[in-house]
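These are the residues of each chain, in order.
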Amino acid sequence: METLGAPGAGLAIALENLFPPLPSEAILPLAGFTAARGDLSLMAVLIWTTIGSVVGAVALYAIGAMLGEERMMRLASRLPLIKLSDIEKTQAWFARHGRKTVFFGRMIPIFRSLISIPAGVTRMPMATFLLFTTLGSAIWNTVFVLAGYYLGENWSVVEGYVGVLSNVVIVVVALAVVWFVVSRIRRREKVTR
């Protein structure tokens with residue numbers, strides 16, 4: 001950020017979208033702290049980090065669009081424990097709730113990146129995707145940049161609190177996957193008996 005300025009913060013956030021292990025929870029407060037010191041403009045940081053979020057999301061949307069619905073269905077049909085009817089239900093659910101999912105998904109660790117792929121697969125209209133991605137990203141980025149801005153030297157405290165939230169999300173997702181796999185195995189065992 002010191003070398004590239006606010007565009008560097010935007011670049012870091014774009015990369016964070018593409019590689020979720022890079023934590024925006026560390027990048028954004030640091031950018032806010034840097035702005036508080038006067039090395040960057042606060043408004044420029046907010047604008048560039050939101051642009052970075054949108055650029056990263058559009059890249060993942062493009063991957064989903066290239067994958068496409070037909071190819072995704074072919075891949076899913078080869079996976080054990082996956083039923084095509086589940087994929088179809090998920091697509092129908094996304095068609096009904098896609099806007100809210102994209103908007104709120106931008107504010108959930110890990111899902112911030114992943115939500116762009118089903119939006120691309122289902123070919124959500126680009127204008128709609130951009131609108132809800134921009135709004136959700138702007139809110140997320142503003143909260144964390146301002147936290148770093150107002151916490152000053154203590155900007156790293158934010159990462160600790162959000163790290164707990166990220167761990168909770170990971171545990172919930174892991175439990176959901178375990179439940180899904182176990183329930184599918186049990187159903188298969190009942191059918192084969």
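Residues numbered from 1 in each chain as written. Predicted model: local features only at pLDDT ≥ 70, side-chain atom pairs only at ≥ 80, totals over all residues. Heavy atoms only, no water.

Focus on the pattern of salt bridges
Thought 1: What the rule picks out here adds up to 1 salt bridge.
Thought 2: As a salt-bridge pair, R37 and D39 come within 2.4 Å of each other at their nearest N and O atoms.
Thought 3: You can call D39 partly exposed: its relative accessible area is 45%. (Salt bridge = Lys/Arg side-chain N within 4 Å of Asp/Glu carboxyl O. Buried < 20%, exposed > 50% of the residue type's maximum accessible area, 1.4 Å probe, protein only.)

Re the nonpolar core
Thought 1: Counting 13 residues, the largest nonpolar core has L28, V45 and V145 as the members making the most contacts within it.
Thought 2: Every element with two or more residues in this core is listed here: α1 (6–18), α2 (24–36), α3 (42–78) and α7 (126–151).
Thought 3: Sorting elements by how many residues they give to this core places α2 first, with 4 residues.
Thought 4: Residues contacting L28, with those up to four places away along its chain left out, are I13, T49, W140, N141, F144 and V145. (Core = buried A, V, L, I, M, F, W, Y, C linked by side-chain atoms within 4.5 Å. Helix = DSSP H or I, 4+ residues; strand = E, 2+ residues; numbered from the N terminus. Contact = heavy atoms within 4.5 Å.)

Some remarks on the packing of α1 against α2
Thought 1: Interhelical geometry of α1 versus α2 gives an angle of 170 degrees and a closest axis separation of 10 Å. By the angle between their axes, α1 is roughly antiparallel relative to α2. Across from A9, A12, I13 and E16 in α1, the residues of α2 making contact are S24, I27, L28 and A31.
Thought 2: Tallied by class, the residues present in the contact of α1 with α2 amount to 6 nonpolar, 1 polar and 1 charged. (Axes fitted to C-alpha atoms, helices over the stretch in contact; angles between N-to-C directions. Parallel < 35°, antiparallel > 145°, perpendicular 65-115°, else oblique. Nonpolar A, V, L, I, M, F, W, Y, C, P; charged D, E, K, R; others polar.)

Some words on the packing of aromatic side chains
Thought 1: Counted according to the given criterion, the structure contains 4 aromatic pairs.
Thought 2: When the ring of F103 is compared with that of F104, the centres are 4.8 Å apart and the planes differ by 80 degrees; the resulting orientation is edge-to-face.
Thought 3: Between W140 and F144, the aromatic rings sit 4.5 Å apart at their centres with planes inclined by 50 degrees, giving tilted as the arrangement. Of this pair, W140 and F144 both sit in helix α7, 4 residues apart, which is roughly one turn of that helix. (Phe/Tyr/Trp six-rings, centres within 6.5 Å; stacked < 30°, edge-to-face > 60°.)

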